[in-house]
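Topology and contacts: notes
Next come the chains, spelled out residue by residue.
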Amino acid sequence: MLRVRALFGLSTLLVLLGGRTPEAGAQTSAPVTVSFTFDDGRANQAEGAALLARYGLRGTFYVNSGRIGQATRLTLAQLQALQADGHEIGGHTVSHPRLTDLVPDEQARQICDERVALTGAGLTVTSFAYPYGAQDATTRQWVQDCGYNSGRDSAGLRGVESCTSCPVAVKLPPTEPYALRTVSSVEATTTLQDLQGAVLRAEQGGGGWVMFVIHDVCDGCDTLAISPATLEAFLAWLAPRTSLGTTVRTVHEVIGGAVKPPVPGPLPPEREAWGQLLLNPSLEDDANGDTAPDCWLRTSYGDLTVAWSLPEDVWEGSRAQQVTVTRHVSGDVKLVSAQDLGACAPPVRPGHRYRVSAAYRTDGPARFAAYYRTAAGGWVWWAQGPLLPHSSIYGLSEWTTPPAPAEAKALSVGLSLIGPGTLAMDAHALVDLTPLRTVIPFGATWKYEASGVDPGASWSTAGFDDSGWASGAGQLGYGDKDEATVLSATVPSQTSLYFRKKVTLERPAVDATLSAIFDDGIAVWVNGTLVLTRNMGVGTAHAKYATASAENEHVEATLPATVFVAGENTIAVMVKQNGRTSPDVSFDLRLDIAQSD
């Protein structure tokens, strides 16, 4: 009698916990597929992969391409090894923004460009996970258009005490492959019984697909962490349940589908490189009405309690931002310009210094802070200013950054509060102290020779007489129906077309960038010095064709400032066709130069 009562008590306890005994499940269980998904590419997930492999299981690792190899993140070599061992690598955006806060084109860059980067690194990527689970119809469509076969949420299945009216599993095959539900993210407070209960509920509730979302695999390193001991105990309990029809598979193994070619996102909008570099600097615009200004990011880290508000007093306009830290153990809170892939973040020039300014009032420890974006798309902390004086009324302050690092591609700047107190902010500005200015814009007028005749060896030099050449505005070419100046086609197609333009500089150049559109090969000279070639493997002789085809290719390059002179400069460009029957040709160019003080 005592043994019967003990067994009855254990079964009752497990049911109250949201599960059933494995013995009871063996009698009535339905087939269940379990997937272990790991978000953000955190370095300690390597231990999670090792634990899975110990039981012959594999997981799906959703990574941010811009953070690969950063401190506390998995390296590319580790990701490639995981894939080789049978684990799946999935996409999770370039830099982990809340996608629904972004304009559609920026969403596309975050989703598409990451898949391009991961594919280029030799990874096979068909599954996507939405950061923070934030997604809507626009986001889901981009995930599909960028070539993914699925999109995963981070909640939506029934828990012990959460989402009690939600389904216990995703029915297979999924009816919404771009809105896949999961058990809520595993937290440090999640118990072994909670994990087992999610599987048992699905077995008892008709079967289906149960996905777990794991961030850190460690003992107490984060609130979104599972201890290795708990994970291993769960795996040891789960692995033998194959006899009941419960199996573990990666997301791709469940969804299937072809591996589609990567699709790049749209190019970011052109941004001027001088004057005020920040968008929405006075914090007035708030398109979605969430009180956070457009093109700005409220962010914090560490152990602290913060509250954001809109102060009644402002420096300019009608809105400002205010943050209060009521409890502080570590870390900071800050308002910085948006850390995106180009919709808001201003481009940066390596070696340039920038002046950051803002109106503020504070009774706490506040300072300026700056971040930069790498070529991979990840954001890195860069520098900070000195502590600002306390003030009960708004005042202006400014800080000059160190020279921008060579790897910097864009900037994010703002004010941070690093201890208890209140900080109000308004009227931000960011100015390049050595600004690039456009001296030749896209659409400028060029002299050209497109008849197929060789103009002679001196055509690229300053003294060459081009007075007999025709003139026309960019884009110049034929065959694509997007030309401002339509050039004449020849039969066979001309090997080389020639373009010249003069530009006058008041002072010596200290920096220069070139951006060109071409089809199929291009070479650029400045004052007779060759500074750029693309698809010119056989050289720049008039009679040679380009060595590759390029359809309206876009190239950007930094040019040596020493090739320019104070005074008149000659820019000469050769564009080559790819062959005798090439049906089109294109050319346009933009030149930006920073001059000495």
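Since the structure is predicted, the reported quantities are computational estimates derived from the model, not experimental observations.

1. Observations concerning the overall build of the chain
Along the backbone of the chain there are 9 helices and 32 strands. The principal-axis extent of the C-alpha atoms belonging to the chain is close to 110 × 65 × 35 Å. In the chain, buried positions account for 52% of the 597 residues. Put simply, of all contacts in the chain between residues at least 6 apart along the chain, 78% involve residues at least 24 apart. Put simply, the chain shows about 25,000 Å² of open surface, and 54% of that area lies on carbon and sulfur atoms. If you average the places of the 44 positive and of the 61 negative side-chain charges in the chain, the two averages end up 5 Å apart.

2. Concerning helix α3 (residues 45-54)
Residues that lie three or four places apart on an α-helix share one face, since the helix turns once every 3.6 residues. Every buried residue of α3 is listed here: Gln-45, Gly-48, Ala-49, Leu-51 and Leu-52. Relative to the axis of α3, the buried residues are bounded by an arc of 160 degrees and lie together on one face. Residues of α3 that are buried in the fold lie against β1 (32-39), β2 (60-63), α4 (76-84), β7 (208-214), β8 (216-217) and α8 (228-238). Two residues or fewer after α3 comes Gly-56, characterised by a positive phi angle close to 75 degrees.

3. Details of the sheet that holds strand β29 (residues 529-534)
Taken in spatial order, the 6 strands make up an open sheet running β23-β22-β26-β31-β28-β29, and their pairing is antiparallel. In the strand order of this sheet, the two ends are held by β23 (470-473) and β29, each with one partner. Strand-to-strand, the axes of this sheet are offset by a mean angle of 25 degrees, without reference to chain direction. Examined bridge by bridge, strand β22 (residues 445-449) and β23 share 4 bridges and lie antiparallel to one another. Note that in β23 the partner of Thr-445 across the bridge is Ala-473.

4. Focus: the pattern of salt bridges
Evaluation of the coordinates by the stated rule reveals 17 salt bridges. As a salt-bridge pair, Glu-232 and Arg-54 come within 2.7 Å of each other at their nearest N and O atoms. Remark: Arg-54 occurs in helix α3 and Glu-232 occurs in helix α8; sequence separation between them is 178 residues. Residue Arg-54 is classed as exposed on the basis of its relative accessible area, which comes to 54%. Salt bridges sharing common partners tie together Asp-40, Arg-42 and Asp-216.

5. What about the pairing of β7?
Burial analysis of β7 places 7 of its 7 residues in the buried class, the great majority of the element. Sheet topology places β1 next to β7; 7 bridges connect them, and they run parallel. When the bridges of β7 are listed, Phe-38 appears paired with Ile-214.

6. Looking at the environment of Phe-518
Tracing the sequence through the fold places Phe-518 in strand β27 (residues 509-519). Judged by relative accessible area, which is 2%, Phe-518 ranks as buried. Sequence spacing of Phe-518 and Leu-157 is 361 residues, and the spatial spacing of their C-alpha atoms is 52 Å. Leaving out residues up to four positions away in the same chain, Phe-518 has contacts with Arg-534, Asn-535, Ala-550, Glu-551, Asn-552, Glu-553, Val-555 and Ser-586.

7. As for the packing of aromatic side chains
One pass over the structure, following the stated rule, counts 14 aromatic pairs. Residues Phe-36 and Phe-234 carry aromatic rings whose centres are separated by 5.8 Å and whose planes lie at 65 degrees to one another, so their mutual orientation is edge-to-face. Placement of the pair is Phe-36 in strand β1 and Phe-234 in helix α8, with a sequence separation of 198 residues. Residue Phe-36 shares its accessibility class with Phe-234, and that shared class is buried. Centre to centre, the rings of Tyr-372 and Trp-382 are 6.5 Å apart; their planes meet at 75 degrees, and the pair counts as edge-to-face. Residue Tyr-372 is found in strand β16 (residues 366-373), and its partner Trp-382 is found in strand β17 (residues 379-384); the two are separated by 10 residues along the sequence. Under the relative-accessibility criterion, Tyr-372 is labelled buried at 8%. Using a relative accessible area of 13% as the deciding quantity, one classes Trp-382 as buried. Members of the aromatic cluster, joined through ring pairs, are Phe-36, Phe-212, Phe-234 and Trp-237. One Lys or Arg, Arg-98, reaches over the ring of Tyr-132 and ends 4.5 Å from the middle of that ring.

Calculation criteria
- Throughout, a residue's number is its position along its own chain's written sequence, starting from 1.
- Given that the model is predicted, a residue must reach a pLDDT of at least 70 before its local features are reported, and side-chain atom pairs must reach 80 or more before they are shown or counted; all residues, however, enter totals for whole chains, interfaces and linings.
- For the side-chain quantities, the full set of heavy atoms in the structure was used; hydrogens and water were omitted.
- Secondary structure counts use DSSP, requiring at least four H or I residues in a row for a helix and at least two E residues in a row for a strand, with both numbered from the N terminus.
- Categorising residues by exposure relies on relative accessible area from a 1.4 Å probe, with only protein chains included: less than 20% of the type maximum marks a residue as buried, more than 50% marks it as exposed, and the intermediate range marks it as partly exposed.
- Two residues qualify as a contact provided that any one of their heavy atoms is within 4.5 Å of a heavy atom in the partner residue.
- Per-residue accessibility takes into account occlusion by the displayed protein chains alone, with areas from the Shrake-Rupley method and a 1.4 Å probe.
- Only four residue types enter the tally: Lys and Arg on the positive side, Asp and Glu on the negative side; His and the chain ends are excluded.
- Charge placement uses NZ in Lys and CZ in Arg. For Asp and Glu, CG and CD serve respectively.
- Think of it as the arc spanned by the lines of direction from the helix axis to the C-beta atoms.
- At least two DSSP bridges between two strands are needed for those strands to be called paired.
- Lines fitted to C-alpha atoms define the axes, with helix axes restricted to the stretch in contact, and inter-axis angles between N-to-C directions lie between 0 and 180 degrees.
- Here, a salt bridge means any Lys or Arg side-chain nitrogen found within 4 Å of an Asp or Glu carboxyl oxygen.
- Pairing of aromatic side chains requires ring centres within 6.5 Å, counting the rings of Phe and Tyr and the six-membered ring of Trp. Pairs whose planes differ by under 30 degrees are stacked, by over 60 edge-to-face, and all others tilted.
- By definition here, charges over rings are those cases where NZ of Lys or CZ of Arg is within 6 Å of the ring centre and within 35 degrees of the ring normal.

Everything listed here is a matter of geometry and, on its own, says nothing about what the molecule does.
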